[in-house]
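Here are the chains, one letter per residue:
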Amino acid sequence: MEAFDRWQQPGDQAENQPYTFFNGVILNNITRNQESQLAFNGNGSFIKLRNVSLSYALPDSIIDKWGLDLFKVNLQGQNLFTITNYRGLDPETLSISSIPRLRRILLGLQLKF
């Protein structure tokens, strides 16, 4: 539980700052200002596959039979995956409220007669 992993005495090593009481309600700095706290306390390391592009042109021996000069297939992917232990949505911004970059997959076909 997050409530037990907090600073309690000077010198404690914990992920979260101490809880405080206000009118009988427990408050924690990480919940009041979570984005800035995660920027300092969160692990923002990640591995991301951002761009991949593949292209394949059929050989002339095949496309000549179809009466074509060119037949090429293109496949492009953006932001395909991210490997991280970060608790927010996007480790590049270290913010729990930022929207991750969109994943896009594009397929193209190029024909020349």
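Residues numbered from 1 in each chain as written. Predicted model: local features only at pLDDT ≥ 70, side-chain atom pairs only at ≥ 80, totals over all residues. Heavy atoms only, no water.

**Some words on the confidence of the model for the protein**
Our working rule: As a per-residue measure, pLDDT tells how confident the predictor is, with possible values from 0 to 100. Helix and strand definitions follow DSSP, with helices as H or I runs of at least four residues and strands as E runs of at least two, each counted in order from the N terminus. Any two residues having at least one pair of non-hydrogen atoms within 4.5 Å are treated as being in contact.
Counting all residues, the mean pLDDT for the protein is 76, and 62% of those residues have values of 70 or more. Taken element by element, the protein is modelled with least confidence in helix α1 (residues 29–32), mean pLDDT 48, and with most confidence in strand β5 (residues 104–112), mean pLDDT 96. The low-confidence segment residues 24–32, where pLDDT is below 50, has 23 contacts with residues more than four positions distant or belonging to other chains.

**Describing the sheet that holds β5**
As a reminder of what qualifies: DSSP calls a pair of strands paired once it identifies at least 2 bridges connecting them. Angles here are taken between N-to-C directions and fall from 0 to 180 degrees, while the axes themselves are lines fitted to C-alpha atoms, restricted in helices to the stretch in contact.
Strand order in the open sheet formed by three strands is β3-β4-β5, and the pairing between neighbours is antiparallel. Every interior strand has two partners, whereas the edge strands, β3 (46–57) and β5, have only one. Between one strand axis and the next, the sheet turns through 10 degrees on average, direction left out of account. Pairing geometry for β3 and strand β4 (residues 70–84), over 11 bridges, is antiparallel. Bridge pairing in β4 links Asn 51 to Gln 78.

**Re the side chain of Gln 78**
Definition in use: Counted as a polar contact is a pair of N or O atoms within 3.5 Å, where, for protein atoms, one must be capable of donating a hydrogen and the other of accepting one, and residues adjacent in sequence contribute only when both atoms are in side chains.
In this fold, Gln 78 is placed in strand β4. Looking at Gln 78, its side chain comes within polar contact range of the side chain of Arg 104, at 2.6 Å. Aside from chain neighbours lying at most four places away, what touches Gln 78 is Arg 50, Asn 51, Leu 102, Arg 103 and Arg 104.

**A few points about the environment of Lys 48**
Tracing the chain through its elements places Lys 48 in strand β3. For Lys 48, the contacting residues outside a window of four places in its chain are Asn 79, Phe 81, Thr 82, Asp 90, Glu 92 and Arg 101.

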